[in-house]
Amino acid sequence: MLLEVKNISSGYGDVTVLSGASMGVRAGEIVSLAGVGGSGKTTLIRTILGTLPASEGEIRFNGQRIDGLEPHRIARAGIAQVMEGRRLFGHMEVEDNLLVGGDVLNDKNQQRENLQWIYDVFPRLKEVRGQLARSCGSGEQQMLAIGRALMTSPKLLLLDEPSDGLAPAMAKEICGQLPMIRDRGVAIVLVERGIHRSAGVSERRYLLEHGEIVMSGAGRDIRGSETPCEAYLDI
């Protein structure tokens, strides 16, 4: 297992948001994490990334325990995140945004190889590489945010609401490229409000409710369950 989250509890001050949450991600796998707003998705991601401490449990990545490590050390271990809101350098050109992401590699050959691969994954970025990031459409900006994260050569990519604010056709286009990223050996966690959004690409899915993982399994197994959690599935 590439990522192992075991009985993690965490929160903010005296408020516990996660309570004994457990999940796992295998190398080269796409996994979705779904739940409505306030279910604890962002808290779980922040705890994995080390920006929020865990009060109980442990997190292992690539065989090494990472809970308690500083966020930059967790990132260097091979975990990259695309945050909600994208947080691009709007005054910089598209290609410069990508190159900034690759600066952590200290390997110009690898940086050039990653850049070409990202242009293969998202040909639109190559077409607009000379534009300022702020002048790009929302779909292109989301592609750019994903591309910048991939420039770090991560083993695991965390995508927080990647289809949020996008037209359905653009969301489908981006989602359709995720298997190409996975096939390069990058495991992906898709954080979404509804499991239906990632149904076509995720091998396994977790459902988070009130800080607890209440369901897990393949999509067909979750969709076949008659539980109150069907509200999350948009069936």
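Before any of the text, the structure's been laid out above.
Residues numbered from 1 in each chain as written. Predicted model: local features only at pLDDT ≥ 70, side-chain atom pairs only at ≥ 80, totals over all residues. Heavy atoms only, no water.

1. What about the pairing of strand E1 (residues 3-12)?
To keep things clear, this is the line we draw: Criterion used throughout: strands pair if DSSP finds at least two bridges between them. Strands here are runs of E lasting at least two residues and helices are runs of H or I lasting at least four, both read from the DSSP assignment and numbered beginning at the N terminus.
Where E1 lies against strand E2 (residues 15-25), 7 bridges are found, and the strand directions are antiparallel. When the bridges of E2 are listed, Leu 3 appears paired with Val 25. Hairpin connection, E1 to E2: the antiparallel pair is bridged by 2 residues, and Gly 13 has positive phi, about 65°. Taken together, the 6 bridges between E1 and strand E4 (residues 54-61) define a ladder with antiparallel strand orientation. Within E4, the residue paired with Glu 4 across the bridge is Arg 60.

2. A few points about unusual backbone geometry
Test applied: Summary of the burial criterion: residues with accessible area below 20% of their type's maximum are buried, those above 50% are exposed, and those between are partly exposed, where the area comes from a 1.4 Å probe applied to protein chains only.
The phi torsion at Glu 161 lies on the positive side, around 50°, for a residue other than glycine. Looking at where Glu 161 falls in the secondary structure, it is placed in the loop between strand E7 (156-160) and helix H7 (168-176). Here His 210, not a glycine, exhibits a phi torsion of approximately 50°, which is positive. Locating His 210 in the fold gives a position in the loop between strand E9 (204-209) and strand E10 (212-217). Residue class for His 210 comes out exposed when judged on its relative accessible area of 65%.

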